[in-house]
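# Structure assessment
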Amino acid sequence: MLSGPVDHAHAIVSIHPGTGGNDAKDWAQMLLRMFLRWAERRGFKTEMIDYQEGDEAGIDGASFSVAGDHAFGYLRSEIGVHRLVRISPFDANARRQTAFAAVEVQADIEDEIDIVVKDEDLETTTMRAGGKGGQNVNKVETAVRMKHIPSGFVVVCRAERSQLQNRRMALKMIKAKLYELEMQKREDQAAAYAASKTQIAWGNQIRSYVLQPYRLVKDLRTGYQDGNVDGVLDGNLDPFIEAYLLAAAGGTLKKGGVTEEADAP
């Protein structure tokens, strides 16, 4: 189940809120906690790379690294759009709302695969990191925004206290993205890559988390479901990951999306 060429590698995870306003930003933050708790349960080491708070609630986006045996092999099962259905805490009329957030996972392969990035292909700008962290973080331009001009990839790293550390982490993220792109070309998976960039909205999700009017988490690719929503959101993801890896290895994996029974307990 973990026989992919880079399944053994560490992972870099990025979470982006989609349609749903404050509910989507809050949902993205809930997913961030879920993955960090999962990594903690497995004894994996995590490090925050980028964290952007939302204006009113949740997060506008976050990226973090996961160091552990086969971290990428496990977490590649989480790539896609995750859907939440609940009574919105941001709705004065307490109506049921649907929110979406996308999860991207790349293999952290800098130390084992030689991806050459030329200095002239990089466009780097610095800025003040802002937020908590003391005077150095707020007054000195420690945050780094790096763009790989040929591919158009852009990453931002502001978590470290020094500009040099942020530059190194940003370059690592660029290399991981370039390697992922190269692997997809070699395996003729251009269609799958395009699908991962589809709109974060209805019809593209891989897993549905329903808190109202009943409680159920259901994976639309494997059919696996669990009524213990609180346990799943607290990091109990292993049954879903195992079901995905078994289905992928056996060739029975279904395409994500909305199905008629997606909302049925």
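Here is a short report on the structure shown in this document. (Residues numbered from 1 in each chain as written. Predicted model: local features only at pLDDT ≥ 70, side-chain atom pairs only at ≥ 80, totals over all residues. Heavy atoms only, no water.)

## Examining the packing of aromatic side chains
Within this structure, the stated rule accounts for four aromatic pairs. Plain terms: the ring middles of tryptophan 38 and tyrosine 74 are 6.4 Å apart, the flat faces sit at 70° to each other, and that makes the pair edge-to-face. Here tryptophan 38, found in helix α1 (residues 21–42), pairs with tyrosine 74, found in helix α2 (residues 71–75); they are 36 residues apart in sequence, far enough to count as distant. Tyrosine 74 matches tryptophan 38 in its accessibility class, with the two residues each being buried. Members of the aromatic cluster, each reached through a chain of ring pairs, are Trp38, Phe44 and Tyr74. Sitting over the ring of phenylalanine 153, lysine 177 keeps its end group 5.7 Å from the ring centre. (Phe/Tyr/Trp six-rings, centres within 6.5 Å; stacked < 30°, edge-to-face > 60°. Helix = DSSP H or I, 4+ residues; strand = E, 2+ residues; numbered from the N terminus. Buried < 20%, exposed > 50% of the residue type's maximum accessible area, 1.4 Å probe, protein only. Lys NZ or Arg CZ within 6 Å of the ring centre and 35° of its normal.)

## Digging into helix α7 (residues 238–250)
Here α7 contains 13 residues, and its C-alpha end-to-end distance of 18 Å stays within 8% of the 18 Å for a straight helix at 1.5 Å per residue. Buried residues along α7 sit in contact with α1, α2, β9 (205–210), β10 (216–219), β11 (225–226) and α6 (229–233). Positive backbone phi, at 75°, marks glycine 251, one or two positions downstream of α7. (Expected span 1.5 Å × (residues − 1). Contact = heavy atoms within 4.5 Å.)

## A few points about the sheet that holds strand β1 (residues 10–17)
Pairing is mixed across the open sheet formed by eight strands, whose spatial order is β2-β3-β1-β5-β4-β9-β10-β11. Unpaired on one side and paired on the other, β2 (45–53) and β11 mark the two borders of the sheet. Pairing between β2 and strand β3 (residues 59–67): eight bridges, direction antiparallel. Residue tyrosine 51 lies in a different strand from β3, and its bridge partner there is alanine 62. This element, α1, spans β1, β2, β3, β4 (80–87), β5 (96–108) and β9 of the sheet and lies at about 45° to β5. (Pairing = 2+ DSSP bridges. Axes fitted to C-alpha atoms, helices over the stretch in contact; angles between N-to-C directions.)

## Observations concerning the pattern of salt bridges
If charged atoms from side chains of opposite charge come close, those side chains can pair. Following the criterion strictly, the structure yields 16 salt bridges and no others. For the salt bridge of arginine 86 with aspartate 23, the shortest nitrogen-to-oxygen distance reads 3.4 Å. Taken as a pair, arginine 86 in strand β4 and aspartate 23 in helix α1 lie far apart in primary sequence, 63 residues in all. The exposure class of aspartate 23 is buried, given its relative accessible area of 9%. Where arginine 207 meets glutamate 78, a salt bridge forms, and the shortest distance between an N and an O atom there is 2.7 Å. (Salt bridge = Lys/Arg side-chain N within 4 Å of Asp/Glu carboxyl O.)

## What to know about the nonpolar core
As a rule of thumb, nonpolar side chains are buried together in soluble globular proteins. By size, the foremost hydrophobic cluster in this structure holds 59 residues, and its most contacted members are Ile15, Leu31, Phe35 and Tyr209. In terms of residue count, the dominant contributor to this core is α1 (nine residues). The contacts of phenylalanine 35, once residues within four sequence positions are left out, are Ile15, Phe64, Leu75, Glu78, His82, Val103 and Leu237. (Core = buried A, V, L, I, M, F, W, Y, C linked by side-chain atoms within 4.5 Å.)

## Some thoughts on the environment of valine 103
By secondary structure assignment, the location of valine 103 is in strand β5. Under the relative-accessibility criterion, valine 103 is labelled buried at 2%. With 75 residues separating them along the chain, valine 103 and alanine 28 place their C-alpha atoms 9.0 Å apart. The residues contacting valine 103, other than those within four sequence positions of it, are Val13, Ser14, Ile15, Leu31, Phe35, Glu78, Ile79, Gly80 and His82.

## Focus on the sheet that holds strand β8 (residues 153–157)
In space, the three strands of this open sheet follow the order β6-β7-β8, with antiparallel pairing throughout. If you trace the sheet from one side to the other, it starts and ends with β6 (122–127) and β8, each paired once. On average, each strand axis in the sheet is inclined to that of its neighbour by 15°, with strand direction left out of account.

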